[in-house]
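These are the residues of each chain, in order.
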Amino acid sequence: MKRLCVFCGSGRGKSPKYVDFAQALGREMVARNIALVYGGASIGVMGAIADAVLELKGEVYGVIPTAIQDLEIAHKNLTQLDIVEDMHTRKGRMYELSDAFVAIPGGIGTLDELCEIVTWHQLLYHEKPCFILNQDGFYDHFIAHLVRARDEGFLKQEHLEIIQVVSTIDELLEKLV
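In what follows, the accompanying structure is described. (Residues numbered from 1 in each chain as written. Predicted model: local features only at pLDDT ≥ 70, side-chain atom pairs only at ≥ 80, totals over all residues. Heavy atoms only, no water.)

**Concerning the pattern of salt bridges**
Then comes step 1: Counted by the stated rule, this structure contains 10 salt bridges.
Then comes step 2: Lys91 is the salt-bridge partner of Glu116, the closest N and O atoms lying 2.5 Å from each other. Within this pair, whereas Glu116 is found in helix H5 (residues 108-122), its partner Lys91 is found in helix H4 (residues 87-97), the two being separated by 25 residues in sequence. Of the two residues, Glu116 and Lys91, both sit in the buried class.
Then comes step 3: One salt bridge in this structure joins Arg93 and Glu96, with 3.1 Å as the shortest N-O distance. Of this pair, Arg93 and Glu96 both sit in helix H4, 3 residues apart, roughly one helical turn.
Then comes step 4: On the accessibility criterion, Arg93 (24% relative accessible area) is partly exposed.
Then comes step 5: Taking the relative accessible area as the measure of exposure, Glu96 reaches 55% and is therefore exposed. (Salt bridge = Lys/Arg side-chain N within 4 Å of Asp/Glu carboxyl O. Helix = DSSP H or I, 4+ residues; strand = E, 2+ residues; numbered from the N terminus. Buried < 20%, exposed > 50% of the residue type's maximum accessible area, 1.4 Å probe, protein only.)

**Quick word on helix H1 (residues 17-31)**
Then comes step 1: The first and last C-alpha atoms of H1 sit 21 Å apart over 15 residues, in line with the 21 Å expected at 1.5 Å per residue.
Then comes step 2: The set of residues buried in H1 consists of Tyr18, Val19, Phe21, Ala22, Leu25, Gly26 and Met29. For H1, the buried positions fall inside an angular range of 160° around the axis, keeping them on one side.
Then comes step 3: Two residues or fewer past H1, Asn33 is found with a positive phi of approximately 60°. (Expected span 1.5 Å × (residues − 1). Arc of directions from axis to C-beta.)

**Looking at the pairing of strand E6 (residues 130-133)**
Then comes step 1: The alternating pattern of E6 places Cys130 and Ile132 on one face and Phe131 and Leu133 on the opposite face, and all of these are buried.
Then comes step 2: Pairing between strand E5 (residues 100-103) and E6: 3 bridges, direction parallel. What sits directly across from Phe101, in E6, is Cys130.
Then comes step 3: Read from E5 through H5 to E6, the crossover connection turns out right-handed. (Pairing = 2+ DSSP bridges. Right-handed = clockwise from strand over helix to strand, strands pointing away.)

**Some points on the sheet that holds strand E7 (residues 163-166)**
The strands that make up a sheet pair up through hydrogen bonds in the backbone, lying either parallel or antiparallel.
Then comes step 1: Here we have 7 strands laid out as an open sheet, ordered E4-E3-E2-E1-E5-E6-E7, and parallel in their pairing. The open sheet has two edge strands, strand E4 (80-84) and E7, and neither has a second partner. In this sheet, adjacent strand axes meet at a mean angle of 25° when their direction is disregarded.
Then comes step 2: Sheet analysis places strand E3 (residues 60-65) next to E4, joined by 5 bridges and oriented parallel. Looking across to E4, one finds that Tyr61 is bridged to Gln80.
Then comes step 3: Along the sheet, helix H2 (residues 44-55) contacts strand E1 (2-7), strand E2 (34-38) and E3; its crossing angle with E2, the most-contacted strand, is approximately 150°. (Axes fitted to C-alpha atoms, helices over the stretch in contact; angles between N-to-C directions. Contact = heavy atoms within 4.5 Å.)

Read these as layout, nothing more, since geometry by itself doesn't imply function.
The following block contains the structure:
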């Protein structure tokens, strides 16, 4: 069984479309026998995708730092919940558990996780696929920033290409087969 690490928000966003999208992704992952690796929270988009996978008896692996777990937001019903010392350890453990990575809507934490895993790929620490699932153009401005960084000489084209931008759940999951 492949394991997909989903970087996403601990918030729900202003529109219900973000939670709905996360739930749809979770359901489709189970249908295609893909396990979820994520940040271990029970709230926001993170909680929504985990709940959707669990409802259909899929596998969910969460990794959460002690400080966040102590806020009582850790998901209690996961296949496996790793409680780690800090955010750096969290990202390393999520990397170890995963075969591929995708960012869906979220905030600074989501971007931090995506950028670090892409940087590790750039530095040849791994060759696992990295995706942005660009729901309704959510990441258009971020992608434009990366293109500008390339155009201004701060990012090589080959490094820009590490991130595969997809628009639909089907497109993402078909690339994982």
